Each structure stands twice: as C-alpha cells, then as structure tokens.
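Commentary on secondary and tertiary structure
The chain contents come next:
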Amino acid sequence: MLVVQKYGGSSVATLERIRAVAQRVLERQRSGDQVVVVVSAMSGETNRLIEVANQLHRLGREQQASAVARGTGWIAPAKRDDPEFERELSQLVSTGEVQSAALLAMAIQDLGGRAVSAVGHQLGVVTSGSFVNARIVHIDAARIRQAVSEGTVVVCAGFQGLDQQGNVTTLGRGGSDTSAVALAAALAADECEILTDVDGVYTTDPRIVPSARKLERISHEEMLELASLGSKVLQIRSVEFAKKFAVPVHVRSSLNDQPGTRIVPETPDMEAVLVSGVALDRDEAKVTITNCPDVPGTIAAVFIALGERGIVVDMIIQNASREGRTDVTFTVPEAELSRTLETLGKLPLTHPGIELLTDAQVAKISIVGVGMRTHAGVAAKAFKALADEGINIQMVSTSEIKVSVVVEEKYGELALRALHAAFDLDRITREG
Ligand code: ADP
Ligand code: ASP
Ligand code: MG
C-alpha cells in the first residue's frame, strides 16, 4: 500500500527526533509499503521566522505576539494589507519546511535508505489566492509517483506551493496537514497518517483537560467543526480535502505505535453519542455598536465594509429594537480587532448616541456532535452546567451539530471542563 505520513513540528523538533522519524519511515517501508513523507518546520521555527520579519518592520511586540500565536491572523495587523510584505514573508517562512525536509532526507540516507527531499514547486503544488493563506488547486504527482515506485522515499516540504505567477506561497498556520492530505488525494494513496505529539483526536485538548478521552473514530463533519472552533490538531482545510476526495486520515502519535483516531464518513451509530468533542477558542474579540438606527441598510453597511477587507465575522447578535434604536454585537478574530475598528471608523456611523465598545477578553467554547441532530435539550444542559459554575454567557450561536457560547476569557478553561464533565466525555468513548 501507499501511505502519506505527515510529521508535525514537535516530531522533527531536534536531530534526535528527526533520526527517530527516519527510522520509523524506513521500518514502514521495510514492511512492504511505499512511503511519501510530508514534514512541518522544526517546532518554533515558523514563529521565529515570522517574528524576525515583524521585528524588521519594527512592529510592536504586543501586536506581533497576537499575530504569531493565532491561526487566522499571523500577519501583524499593520502589515495585513501589504501584498509585497506577504509575498516576502511567505518566501521566508516556507524555508522552515525546506530545512526539515532536507534534514530528514539526509537522516534516512544515513540509515541506509533512499530518500530525496522536494519543496513546493518541485512537487508541482499549484496554489491560488493570497500569498499567506493560499489554496491548493492542483498537484502534479507524476514525479513523486515515479520516485516512489523506484523505492525512494520522497520527503516533501509541507505548508507551501507556487502560484501561477511563480510566487512561493504558504497555506496558513498548520498548513502541512493540508499538504499531506492533498498529496494523498493526488497520489490516490491508501492512507494519510498525521503523526503528532498526541495519541489522536481527543474529546477536548488533553493539555487542558487531562481526563479527555481519545476518540477512535470521528466524522468529517464533527472534525470540521472542532477544527474551525479552535482545536489545533488538524487544519480545517485538510479535513475538507479528506472529505471531498475520500482520503482515509489517521491521526496518531509519532512516539508510539498505538492506533490513533480515524476521520471517517458519518455512520448512523454515531448519533447515539450526544456530544463528541468540546473546543476552546481564546482568539476572538467582541465588538458592540450601540444605538444603531433600526432602519434597513445600517447593519448591511457594517458587514459589507468588513467583508470587503476580508475580515471574517463569526457570531452576530442584534438586540430587539427600542425607540427605533438597536445594539449589534459580533465577534471577529482577535488579531483582526484593530483592522475592524479602523474599518468601522471610516463608516458614517454618526447618529448621536452611537458608541463602539470592544472586548478582547472573551473566549468561545463549543460543544460538537452529530447526535445533536436527533436529541433535544443539549443547549439547555450546557447552559445549566455553566450556570452551576457561576459563568455568565455573553453570546450564543448554534448550528445543526454544535452549540457555541462566548464567556469572559478568564473562565474559558473552567467552562471547557464544566461542559466536558456535563456531557460525560471523560467516560464515554466512541468505539472503532
Ligand atoms: P503538529 O505540530 O504535529 O502539527 P499541533 O500542535 O498542530 O501538532 O496539534 C497538536 C496539538 O493539538 C496537541 O498537542 C493538543 O494540545 C492540541 N489539541 C487541541 N485540541 C485537541 C483535541 N481535541 N485532540 C487532540 N489534540 C488537541
Ligand atoms: N510550520 C507551519 C506552521 O507552524 C505549518 C505547519 O506546521 O503545519 O504553521
Ligand atoms: Mg499542526
């Protein structure tokens, strides 16, 4: 069988770890499988490169700290609308993966194996869209297939591609996951293994809730929700690819041989479990516009302006109107807060009494599960669990398979634990 193995940053963090990965890759190959490897940059390297670029531009420390840590806005806000900067940043950060790919290929050769490393353009990864949040549109897998059929391990630098104008692009934070799944799709691989520093996908982040349980299987829909609601373990686009091209994905530890979590199409028995995961996202900020004139077009103008600048709005709440005025509250990624305020500042929101309030000290906690489609009372149970802890809910949004609440940031982890316990997630598992 042909397997694509992706090793994340912590799995290639040191030369020792790189040697261990080389060993693991060769063992897999010796067991009779063909192996294509995708690597991330060594842990911390991408952040370091982003910081260096931001320092060169003398961007404030605070501003960059939020930009570096966030999945959505890793470019400091002051540079977000500067395509020249984004182009060079992509060129720069893509080198993190170039280094680890070459090192791993050397390590495999050292152990007597045959390996060749390849970067985005050598792999024929064609992208479209922005420089730093590019989307893969095509992969020409012919060369990889040829090398693999000759017994060579191709070690691919993840996270990158080349756009049609010949610019090096990157796929957004966590993008090596997407490189791996897309390569697996292009190669029609039998499996894509995502090897990381946890044993699989858990009911919630095991670093925050130690009693979290590993799920043996999770549906694409649930994984998509968890990924987009703040769980780091897989980049959302990798799950979209897996679903669209039916790529079997197996998330497991790079440190042991235990089976991990398989991302699979939904099966009817999955609805028996009400909630399968809980996610925490600390990176949202809340904006309220008070006393908006309650006439058609006011809200539209606000969200059109934000949309034009590419600011993704998450939750939106409009209060019931009183005396022709209403309050609108919405959330945006925290890293986009300053651009949001700048955009709103340019609008003619001049009615007397209009005020703009912001709060970056909020967290979003979401419960996810396909079982919600067929069970009533999930939101009520969640609200009660939070009330029992004395946690006030500021905003709520729901979809078919999730309930999200916004609370004060300092209660985020407590809320996560309370919901994890309320839905018995430390006890219930979904068997494989
Ligand atoms: P890699 O460097 O291998 O890409 P990441 O840091 O991107 O790894 O993702 C793995 C991390 O995701 C884990 O260390 C864990 O803290 C975090 N995480 C968040 N939510 C979950 C979850 N539900 N299950 C497993 N890990 C999670
Ligand atoms: N190195 C990139 C990042 O840190 C891509 C990845 O690790 O998947 O976001
Ligand atoms: Mg990752």
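In the block above lies the structure referred to throughout.
Criteria and thresholds
- Every chain is numbered on its own, with residues counted from 1 as its sequence reads.
- The naming scheme follows written order: chains are lettered A onward, ligands numbered 1 onward.
- At least 70 in pLDDT is required for a residue's local features to be given in this predicted model, at least 80 for side-chain atom pairs to be given and counted, and no such filter applies to totals for whole chains, interfaces and linings, which use all residues.
- To obtain the side-chain values, all non-hydrogen atoms of the structure were included, while hydrogens and water were left out.
- In these notes, residues near a molecule or strand are those with any non-hydrogen atom within 4 Å of it.
- N or O atoms closer than or at 3.5 Å make up a polar contact, with two conditions inside protein: a donor-capable atom paired with an acceptor-capable one, and, for residues adjacent in sequence, both atoms drawn from side chains.
- Each residue is assigned to one class: nonpolar for Ala, Val, Leu, Ile, Met, Phe, Trp, Tyr, Cys and Pro, charged for Asp, Glu, Lys and Arg, and polar for all the others, Gly among them.
- Counting from the N terminus, the helices are DSSP H or I runs at least four residues long and the strands are E runs at least two residues long.
- Two residues qualify as a contact provided that any one of their heavy atoms is within 4.5 Å of a heavy atom in the partner residue.
- Here a strand pair is declared whenever DSSP counts at least two bridges between the two strands.
- Between N-to-C directions, angles cover 0 to 180 degrees, with each direction set by a line fitted to C-alpha atoms, over the stretch in contact for helices.
- As used here, the term nonpolar core means buried Ala, Val, Leu, Ile, Met, Phe, Trp, Tyr and Cys residues forming a set that is joined through side-chain atoms within 4.5 Å.
- When accessible area is computed with a 1.4 Å probe and restricted to protein chains, residues below 20% of their type maximum are described as buried, those above 50% as exposed, and intermediate ones as partly exposed.
- All accessible-area figures derive from a Shrake-Rupley calculation using a 1.4 Å probe, and residue coverage is judged against the displayed protein chains alone.
- Note on terminology: angles under 35 degrees are roughly parallel, angles over 145 are roughly antiparallel, angles of 65 to 115 are roughly perpendicular, and the others are oblique.
- Handedness of each helix crossing follows the sense of rotation of the near helix against the far helix: counterclockwise by less than a right angle gives left-handed, clockwise gives right-handed.
- When the centres of two rings from Phe, Tyr and Trp lie within 6.5 Å, Trp using its six-membered ring, the rings pair. Their planes under 30 degrees apart give stacked, over 60 give edge-to-face, and anything left gives tilted.
- In summary, the charge assignment counts Lys and Arg as positive and Asp and Glu as negative, without counting His or the chain termini.
- The rule for a salt bridge is simple: a side-chain nitrogen of Lys or Arg has to be within 4 Å of a carboxyl oxygen of Asp or Glu.

Regarding the site of ligand 1
What surrounds ligand 1 is a group of 16 residues, the closest being Thr196, Asp197, Tyr202, Asp205 and Arg207. At 3.2 Å from an oxygen atom of ligand 1 is found a main-chain nitrogen or oxygen belonging to Gly9. Contact between ligand 1 and Asp205: an oxygen atom at 2.9 Å from a side-chain N or O atom of the residue. Its residues placed into classes, the shell around ligand 1 shows five nonpolar, six polar and five charged.

Some words on the environment of Val332
Here Val332 lies in strand E16 (residues 325-333). When the C-alpha atoms of Val332 and Leu414 are compared, they prove to be 22 Å apart, with 82 residues separating the residues in sequence. Not counting the four nearest positions on each side in its chain, Val332 is found in contact with Asp283, Glu284, Ala285, Ile311, Val312, Val313, Leu337 and Thr340.

Here we look at the sheet that holds strand E5 (residues 135-139)
The four strands are arranged E5-E4-E7-E8 in an open sheet whose pairing can be described as mixed. The sheet is open, and its two edges are formed by E5 and strand E8 (168-170), each paired on a single side. Averaged over neighbouring strand pairs, the angle between their axes works out to 50 degrees when direction is ignored. Note that strand E4 (residues 125-128) and E5 share four bridges and pair antiparallel. Its bridge partner lying in E5, Val126 is registered against His138. The sheet strands contacting helix H4 (residues 83-110) are strand E7 (160-163) and E8, and the helix crosses E8 at an angle near 75 degrees.

Brief notes about the nonpolar core
Ranked by size, the top nonpolar core spans 43 residues in total, and within it Val4, Val36, Ile144, Cys192, Met223, Val249 and Ile263 carry the most contacts. Per-element tally for this core: the top contributor is helix H6 (residues 176-186), with five residues.

A closer look at the site of ligand 2
Residues in close proximity to ligand 2 include Ser40, Thr46, Glu97, Phe159, Arg173, Gly174, Gly175 and Ser176, which together make up its full environment. Side-chain polar atom of Arg173 to an oxygen atom of ligand 2: 2.8 Å apart, as the coordinates give it. Ser176 is positioned with one of its backbone polar atoms (N or O) 3.0 Å from an oxygen atom of ligand 2. With the chains in place, 86% of the 260 Å² that ligand 2 exposes on its own is no longer accessible. Residues belonging to the shell around ligand 2 are distributed by class as follows: one nonpolar, five polar and two charged.

Here we look at the packing of H6 against helix H8 (residues 236-244)
Remark: H6 packs on H8, axes separated minimally by 7 Å, with the N-to-C direction vectors making an angle of 15 degrees. Of the possible angle classes, the one that applies to H6 and H8 is roughly parallel. In the crossing of H6 with H8, the sense of the turn from one axis to the other is left-handed. Residues Asp177, Thr178, Val181 and Ala182 of H6 form the contact with H8, whose participating residues are Arg237, Ser238, Phe241 and Ala242.

Examining the packing of aromatic side chains
For any two aromatic rings, the description comes down to two numbers: the centre-to-centre distance and the angle of the planes. All told, the structure shown has two aromatic pairs when counted by the stated rule. Residues Phe303 and Phe330 carry aromatic rings whose centres are separated by 5.1 Å and whose planes lie at 70 degrees to one another, so their mutual orientation is edge-to-face. In this pair, Phe303 is assigned in helix H9 (residues 298-308) and Phe330 in strand E16, connecting sequence segments 27 residues apart. A relative accessible area of 18% means that Phe303 is categorised as buried. Overall, the relative accessible area of 0% leaves Phe330 in the buried class.

Digging into the side chain of Arg17
Looking at the secondary structure, you find Arg17 in helix H1 (residues 15-30). Buried within the structure, Arg17 lacks any salt-bridge partner; Glu16 is the closest side chain of opposite charge, at an N-O distance of 8.7 Å. With sequence-adjacent residues up to four places away left out, Arg17 is seen in contact with Ser10, Ser11, Val12, Ser254 and Leu255.

Quick word on the sheet that holds strand E15 (residues 316-318)
Paired through backbone hydrogen bonds, the strands of a sheet run either parallel or antiparallel to each other. Taken in spatial order, the four strands line up as E15-E16-E14-E17 in an open sheet, and their pairing is antiparallel. Each end of this open sheet is capped by a strand with a single partner; those strands are E15 and strand E17 (355-359). Across the sheet, the axes of successive neighbouring strands diverge by a mean angle of 15 degrees, strand direction being ignored. Bridge analysis of strand E14 (residues 284-293) against E17 gives five bridges, and the strand direction is antiparallel. If you follow Thr290 over to E17, its bridge partner there is Glu355. Lying over the sheet, H9 contacts E14, E15 and E16, oriented at roughly 15 degrees with respect to E16.

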